[in-house]
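Analysis of the macromolecular model
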Amino acid sequence: MSNAELISTHVAGNGKVDGGRLLRGERIAASTPIVKTSTGWSIQSQSRSGVYYQLTVDENGPHCNCPDPMRVCKHVVALQAVLERDGKAKNASPFTFGPVVPDAVHHPPQAQQDRKNAAPPAKGARKKRRRDWEGYNLAQNNEKPELQQLLHALCALVPEPTHHGKGRRPVSVRDMVFAEIFREYTGLSSRRFKSAVIELAKEGFISQPFSHNIGTRFLNQPETTDLLRSLITESARPLQSIERTFAPDSSGFSTTSYGRWQEEKHGRGNTGATYVKTHILVGVRTHIITAATASVQPVGDITQLPTLLNETRGAQFTVDELTADAAYLSEPTLEWLYTLGIDAWIPFRKNSKFHYDNSLWDRHLAVFLLNQDLFAEHYHQRSQVESTFANIKDKYRASVRGKTPTSQANNVLCKLLANNLYVLIRSIYELGLKPEFAQIGNVQNPAPTTPRLPSF
């Protein structure tokens with residue numbers, strides 16, 4: 001039975017197999033061995049080390065004991081693909097989808113079971129971290145020249161406006177973008193960065209030196225915001241094949257006015273300060289930022305998720321999982337992510353209740369309440385977005401020098417772009433990455449084929 005017949009049979013019976021699970025199942029079939037056992041088939045979990053799931057086929061159809069709340073999981077799709085590929089589909093029972101086996105349990109191999117039952121480590125014992133110290137040292141030692149080369153290559157993609165008339169040609173947009181991002185990287189003010197602009201012109205990274213007032217006016221333009229957001233997404237593009245799990249979150253960058261972000265966030269009095277509310281979507285493996293928005297206006301986290309996710313998918317990223325905190329929880333969000341084939345790992349609130357109608361909300365709530373170990377394993381990846389914000393604030397300052405709302409937002413976007421370039425440098429030395437950038441025009445107006453956005 002072909003994959004198309006598999007989907008049509010499931011639609012007629014119990015629902016549908018979404019495109020995301022179909023793609024993941026085909027990837028599993030191509031990369032993970034599915035071992036024939038005396039009772040069916042065994043396949044290793046992709047997210048849990050040492051865990052094996054059992055697949056069986058009987059008169060009621062195929063069954064898998066993985067914790068996927070959907071009736072047809074990616075392992076069933078992978079098994080069907082393997083049977084077709086090996087020409088053994090004719091020897092298997094027909095795939096007519098029936099109810100999920102209620103008493104299916106997980107049986108890991110004996111070695112893994114023994115390790116699971118072993119005594120816990122002694123108190124105070126620390127788990128060894130495996131780190132490529134050689135690659136880390138090389139990335140740190142060569143960070144500045146590598147960042148200048150990557151930034152120069154990225155700025156070369158920025159389109160230049162056509163100059164009309166006989167007057168003096170304006171300063172190149174590429175030069176202003178390069179200078180302002182590199183200024184945020186160095187942490188200098190516009191006036192103190194003047195000597196660095198002269199050095200950059202001598203080294204050939206910009207065509208000519210220019211006044212600090214020109215850079216300030218450039219950051220005050222609303223068009224600069226769209227350009228910087230496009231550059232952030234474009235700078236993440238080389239990591240398309242590495243990142244498949246993403247985490248959204250928001251944080252605030254304080255301005256040069258008084259007050260602290262922590263006091264504003266936790267409601268410890270009205271400080272009267274202005275903060276740049278920043279929303280980002282981060283790849284949990286490398287801390288790359290694939291999409292970002294920044295504004296001094298208080299914007300809800302959940303309202304920015306469709307924008308961040310669509311821009312990430314518009315840059316040809318494959319989003320398999322999304323792990324977020326309870327601020328992103330809503331029934332329309334879960335249903336929207338499901339239609340996109342994205343597994344959502346979002347915690348429920350204390351007052352969340354079942355609908356008792358076998359809805360997607362009920363299935364996610366059941367996994368959250370009844371399989372906390374599995375949920376915690378996926379949800380823990382959300383900590384990577386917190387680490388990303390902490391690294392950016394520690395390395396590039398937790399405040400901005402801009403005086404207007406537009407320049408303050410653009411200052412933050414420059415920090416995020418500098419962080420992305422640093423991530424690329426780490427990936428060059430630790431993962432052997434060879435970054436190649438596409439045209440900015442492909443990212444400025446992403447138009448992925450996605451269902452209607454949820455209404456919040």
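Structure: above.
The sections below set out a description of the structure shown in this document.

Scoring rules and cut-offs
- Residues numbered from 1 in each chain as written.
- Predicted model: local features only at pLDDT ≥ 70, side-chain atom pairs only at ≥ 80, totals over all residues.
- Heavy atoms only, no water.
- Helix = DSSP H or I, 4+ residues; strand = E, 2+ residues; numbered from the N terminus.
- Buried < 20%, exposed > 50% of the residue type's maximum accessible area, 1.4 Å probe, protein only.
- Contact = heavy atoms within 4.5 Å.
- Areas by Shrake-Rupley, 256 points an atom, 1.4 Å probe, with all protein chains shown as cover.
- 1 Å grid on protein atoms, 1.4 Å probe; cavity = no way out; pocket = protein on both sides within 12 Å on 5 of 7 lines; lining within 4 Å.
- Points joined across faces, edges and corners; volume = space filled by probe spheres on them.
- Nonpolar A, V, L, I, M, F, W, Y, C, P; charged D, E, K, R; others polar.
- Disulfide = S-S within 2.5 Å.
- Axes fitted to C-alpha atoms, helices over the stretch in contact; angles between N-to-C directions.
- Parallel < 35°, antiparallel > 145°, perpendicular 65-115°, else oblique.
- Salt bridge = Lys/Arg side-chain N within 4 Å of Asp/Glu carboxyl O.
- Left-handed = near helix turned anticlockwise from the far one by under 90°.
- Polar contact = N/O pair within 3.5 Å; in protein donor to acceptor, adjacent residues only side chain to side chain.
- Phe/Tyr/Trp six-rings, centres within 6.5 Å; stacked < 30°, edge-to-face > 60°.
- Lys NZ or Arg CZ within 6 Å of the ring centre and 35° of its normal.
- Pairing = 2+ DSSP bridges.

1. Digging into the overall build of the protein chain
The helix and strand tally for the protein chain stands at 18 helices and nine strands. Counting every position in the protein chain, which comprises 456 residues, the buried fraction comes to 47%. Summarising the internal contacts of the protein chain: among those between residues at least 6 apart in sequence, 68% fall at separations of at least 24. Surface accessibility of the protein chain: about 23400 Å² in total, with carbon and sulfur atoms responsible for 50%.

2. Let's talk about empty space enclosed by the protein
Tallying each qualifying case throughout the model produces two cavities of 30 Å³ or more. Considering only enclosed or pocket space, the largest cavity measures out at about 80 Å³ in volume. Lining the largest cavity, in full, are A179, E180, R183, S190, F193, K194, V197, F210, S211, H212 and G215. Breaking the lining of the largest cavity down by element, the ones donating at least two residues are α7 (173-186), α8 (194-203) and α9 (212-219). Here the lining of the largest cavity takes three residues from α7, the largest share from any one element. Each residue belonging to the lining of the largest cavity can be placed in one class, and the counts come to four nonpolar, four polar and three charged. Here the second largest cavity defines a volume of roughly 60 Å³. Forming the walls of the second largest cavity are R183, E184, G187, L188, R397, S399, V400, R401, N411 and K415.

3. Observations concerning the state of the cysteines
One pass over the structure, following the stated rule, counts zero disulfides. Just so you know, C64 is unpaired, no disulfide at all, and the nearest cysteine sulfur is the one on C66, 3.7 Å from it. Residue C64 is classed as buried on the basis of its relative accessible area, which comes to 14%. C414 takes part in no disulfide bond, and the closest cysteine sulfur, belonging to C155, lies 9.9 Å away.

4. Some remarks on the environment of L305
Here L305 is to be found in helix α12 (residues 301-314). Judged by its relative accessible area of 1%, L305 falls in the buried class. Along the chain, L305 and L281 lie 24 residues apart, while their C-alpha atoms are 8.3 Å from each other. For L305, the contacting residues outside a window of four places in its chain are P248, L322, Y328 and T333.

5. Here's the deal with the packing of α7 against α9
Look at α7 against α9: their axes get within 10 Å of each other, and the N-to-C directions meet at 90 degrees. As judged from the angle between their axes, α7 and α9 are roughly perpendicular. Here V173, M176, V177, E180 and R183 of α7 come into contact with α9, specifically with I214, G215, F218 and L219. Taken together, the residues of the contact of α7 with α9 break down into six nonpolar, one polar and two charged.

6. Looking at the pattern of salt bridges
Taken as a whole and assessed by the stated rule, the structure comprises 14 salt bridges. For E184, the salt bridge is made with R183, and the minimal N-O distance between the two is 3.4 Å. Each member of the pair, E184 as well as R183, is classed as buried. Across the salt bridge formed by R229 and E311, the nearest N and O atoms sit 2.5 Å from each other. One end of the pair, R229, is in helix α10 (residues 222-236); the other, E311, is in helix α12, with 82 residues separating them in the sequence. Among the residues examined, E311 registers a relative accessible area of 15% and is labelled buried. In the salt-bridge network here, residues are joined through shared partners; they are E180, R183, E184 and K415.

7. Focus on the packing of α10 against helix α17 (residues 405-430)
For the pair α10 and α17, interaxial distance at closest approach is 9 Å and the crossing angle is 15 degrees. With respect to their mutual orientation, α10 and α17 come out roughly parallel. Judged by the twist between their axes, the crossing of α10 over α17 is left-handed. Contacts between α10 and α17 pair P222, T224, T225, L228, R229, L231, I232, S235 and A236 from the former with T406, N410, L413, C414, L416, L417, N420 and L424 from the latter. Among the residues making up the contact of α10 with α17, the classes are represented as 10 nonpolar, six polar and one charged.

8. Quick notes on the side chain of E184
Residue placement: E184 occurs in helix α7. What makes E184 buried here is its relative accessible area of 8%. A distance of 3.1 Å separates the side chain of E184 from the side chain of K415, its partner in a polar contact. In contact with E184, other than residues within four places in its own chain, are Y396, N411, C414 and K415.

9. Description of the packing of aromatic side chains
Going through the model one piece at a time under the given rule, you end up with 14 aromatic pairs. Between the aromatic rings of F354 and Y356, the centroid separation amounts to 5.8 Å while the plane-to-plane angle is 45 degrees, which identifies the pairing as tilted. The ring of W41 has K36 lying over it, and the distance from NZ or CZ to the ring centre is 5.0 Å.

10. Here's the deal with the sheet that holds strand β3 (residues 52-58)
Strand order in the open sheet formed by four strands is β1-β2-β3-β4, and the pairing between neighbours is antiparallel. Edge positions in the open sheet fall to β1 (34-36) and β4 (61-64), since each of these has one partner strand only. For this sheet, the mean angle separating the axes of adjacent strands, direction not counted, is 25 degrees. Two elements, β1 and strand β2 (residues 41-44), share three bridges in a ladder whose sense is antiparallel. What sits directly across from K36, in β2, is W41. Sitting on the sheet, helix α3 (residues 74-85) touches β1, β2, β3 and β4, and the angle it makes with β3 is about 65 degrees.

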